[in-house]
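Geometric and topological summary
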Amino acid sequence: MAALTRLLKPSSSASTSLLFRRSLSTTTAAVSEIQSQHHQSPNFSDPKPSRNFQWVFLGCPGVGKGTYASRLSNLLGVPHIATGDLVREELSSSGPLSRQLADIVNQGKLVSDEIIFDLLSKRLEAGESKGESGFILDGFPRTIRQAEILDEVTEIDLVVNLKLREDVLVEKCLGRRICSQCGKGFNVASINAKAENGRPGMSMAPLLPPPHCASKLITRADDTEQVVQERLRVYNEKSQPVEDFYKNQGKLMEFDLPGGIPESWPKLLEALNLDDYEVKRSAVA
Ligand code: AMP
């Protein structure tokens, strides 16, 4: 996937696009299926693709993209690649980019497309050298330009757009904690949002850490109320158009989260026609 690295450097567009495309795209049955039947629930549970799943998760900060993308990645056997994680890894290094990134991220702004392409290319290249194929992208693309470049170089099969009411998003971001040792995410917020203006009420139990993580919890520097509000504003301005980009391609699956993980996970699997995926997979193994 050296090809991908070069592809994602936007200045080198045409030939690099070709190289990237060669490295990534072999059409799956799933692509044509969602394009021709996008008004219906897609069926991804028939495992006949000639390459692995290439999915994207969209949604506002705090909606749970990381949680559900990571669970699906385990289920489907494809890597979960979160550009926010790549940015945080770079931030925690003493590399030259670190200081520059901290200012941007801690203000809730977006990092430049060039930096993101570079980080993502390196991650994909490292994955390819370990034999990875396919991906679930989380937090990318976040601008129309990112979506257009991704589109030039490979075929995305499905885009899942997770949705949650805004007051709950803010509470979730403020309750988010990460174990500084193992990197796992938790949430200490106990959410009980009232029904109002025709919206149903919503409860979410906290996702508490096991005892060995409890004393090592940290809060992301960009999970303060002020920065979360700015991230939501930036999402609405820059990233919401990406939803329309994929809607126009017939690849967007909207999913309103009905509550926390216990309520939402089975419903998400059902919406993806993956509720019996594990059973089918073990039957053919
Ligand atoms: P996240 O963990 O997805 O909320 O990302 C954390 C931060 O990393 C964001 O607020 C941005 O500053 C930066 N970031 C992550 N992904 C992207 C992207 N695709 N484009 C630009 N900035 C990004």
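Above: the structure in question.
Quick look at the structure, then. (Residues numbered from 1 in each chain as written. Predicted model: local features only at pLDDT ≥ 70, side-chain atom pairs only at ≥ 80, totals over all residues. Heavy atoms only, no water.)

**Examining the pattern of salt bridges**
Scanning all chains against the criterion turns up 20 salt bridges. A salt bridge links Lys251 to Glu155, with the nearest nitrogen and oxygen atoms 3.4 Å apart. Taken together, the residues Lys251 in the loop between α11 (225–248) and β10 (252–256) and Glu155 in the loop between α8 (144–153) and β4 (158–163) connect sequence positions 96 residues apart. When its relative accessible area of 25% is taken as the criterion, Glu155 is described as partly exposed. (Salt bridge = Lys/Arg side-chain N within 4 Å of Asp/Glu carboxyl O. Helix = DSSP H or I, 4+ residues; strand = E, 2+ residues; numbered from the N terminus. Buried < 20%, exposed > 50% of the residue type's maximum accessible area, 1.4 Å probe, protein only.)

**With respect to the site of the ligand**
Near the ligand lie 16 residues; those nearest to it are Thr83, Arg88, Lys109, Gly139 and Arg142. Backbone polar atom of Lys109 to an oxygen atom of the ligand: 2.6 Å apart, as the coordinates give it. In this structure, Val111 approaches the ligand through a main-chain N or O atom, which is 3.1 Å from a nitrogen atom. A total of four residues in the shell around the ligand trace back to one element, the largest contributor, which is helix α5 (residues 83–92). Partitioning the shell around the ligand into residue classes produces six nonpolar, four polar and six charged. (Near = heavy atom within 4 Å. Polar contact = N/O pair within 3.5 Å; in protein donor to acceptor, adjacent residues only side chain to side chain. Nonpolar A, V, L, I, M, F, W, Y, C, P; charged D, E, K, R; others polar.)

**Section: helix α4 (residues 65–76)**
Here α4 contains 12 residues, and its C-alpha end-to-end distance of 16 Å stays within 8% of the 16 Å for a straight helix at 1.5 Å per residue. When we look at burial in α4, the residues that qualify are Lys65, Tyr68, Ala69, Leu72, Ser73, Leu75 and Leu76. The buried side chains of α4 occupy one side of the element, clustering within an arc of 165° when seen end-on. Gly77 lies just past α4 and shows a positive phi near 75°. (Expected span 1.5 Å × (residues − 1). Arc of directions from axis to C-beta.)

**Some details on the sheet that holds strand β5 (residues 176–179)**
Pairing within the open sheet is antiparallel, and its three strands lie in the order β6-β5-β9. The open sheet terminates on both sides in strands that have one partner only, identified here as β6 (185–187) and β9 (217–218). Across the sheet, helix α9 (residues 166–175) lies against β5 and β6, angled at about 30° from β5, the strand it touches most. (Pairing = 2+ DSSP bridges. Contact = heavy atoms within 4.5 Å. Axes fitted to C-alpha atoms, helices over the stretch in contact; angles between N-to-C directions.)

**Observations concerning the sheet that holds β10**
Spatially, the five strands line up as an open sheet ordered β2-β3-β1-β4-β10, and their pairing is parallel. Two strands lie at the open edges of the sheet, namely β2 (80–82) and β10, each paired on one side alone. For this sheet the average axis-to-axis angle between neighbouring strands, irrespective of direction, equals 20°. Looking at chain direction, β4 and β10 are connected through five bridges and run parallel. Of the residues in β10, the one forming a bridge with Leu162 is Phe255.

**Some words on helix α6 (residues 98–106)**
An α-helix turns once every 3.6 residues. As a result, residues three or four positions apart point the same way. Considered for burial, the residues of α6 that qualify are Ser98, Leu101, Ile104 and Val105. In a view along the axis of α6, the buried residues occupy a sector of 130°, so they form one face of it. Residues of α6 that are buried sit in contact with α5, α7 (113–129) and α11. Positive phi shows up at Gly108, right after α6, with a value of about 80°.

**Considerations on the packing of α9 against α11**
One way to put it is that α9 packs onto α11 with a least axis distance of 10 Å and a crossing angle of 135°. In terms of orientation, α9 lies oblique with respect to α11. Crossing handedness for the pair α9 and α11: right-handed. Of the residues in α11, those touching α9 at Glu166, Leu169, Val170, Cys173 and Leu174 are Glu225, Val228, Gln229 and Leu232. Tallied by class, residues from the contact of α9 with α11 come to six nonpolar, one polar and two charged. (Parallel < 35°, antiparallel > 145°, perpendicular 65-115°, else oblique. Left-handed = near helix turned anticlockwise from the far one by under 90°.)

**Topic: the side chain of Asp222**
Residue placement: Asp222 occurs in the loop between β9 and α11. One polar contact links Asp222 to Arg220, side chain to side chain, over a distance of 3.0 Å. In this view, Asp222 contacts Val105, Asn106, Val227, Val228 and Arg231; residues no more than four positions away in its chain are not counted.

**Here's the deal with the pairing of strand β1 (residues 54–58)**
Within β1, five of the five residues are buried, leaving the element largely enclosed by the surrounding structure. Of the two faces of β1, the one carrying Gln54, Val56 and Leu58 and the one carrying Trp55 and Phe57 are both buried. Two elements, β1 and strand β3 (residues 135–138), share four bridges in a ladder whose sense is parallel. Bridge pairing in β3 links Gln54 to Phe135.

**Topic: the environment of Pro206**
Residue position: Pro206 is located in the loop between β8 (202–204) and α10 (211–214). Residues Pro206 and Asn187, 19 residues apart in the sequence, show an inter-C-alpha distance of 5.4 Å.

The quantities given are spatial measurements derived from coordinates; they are silent on function.
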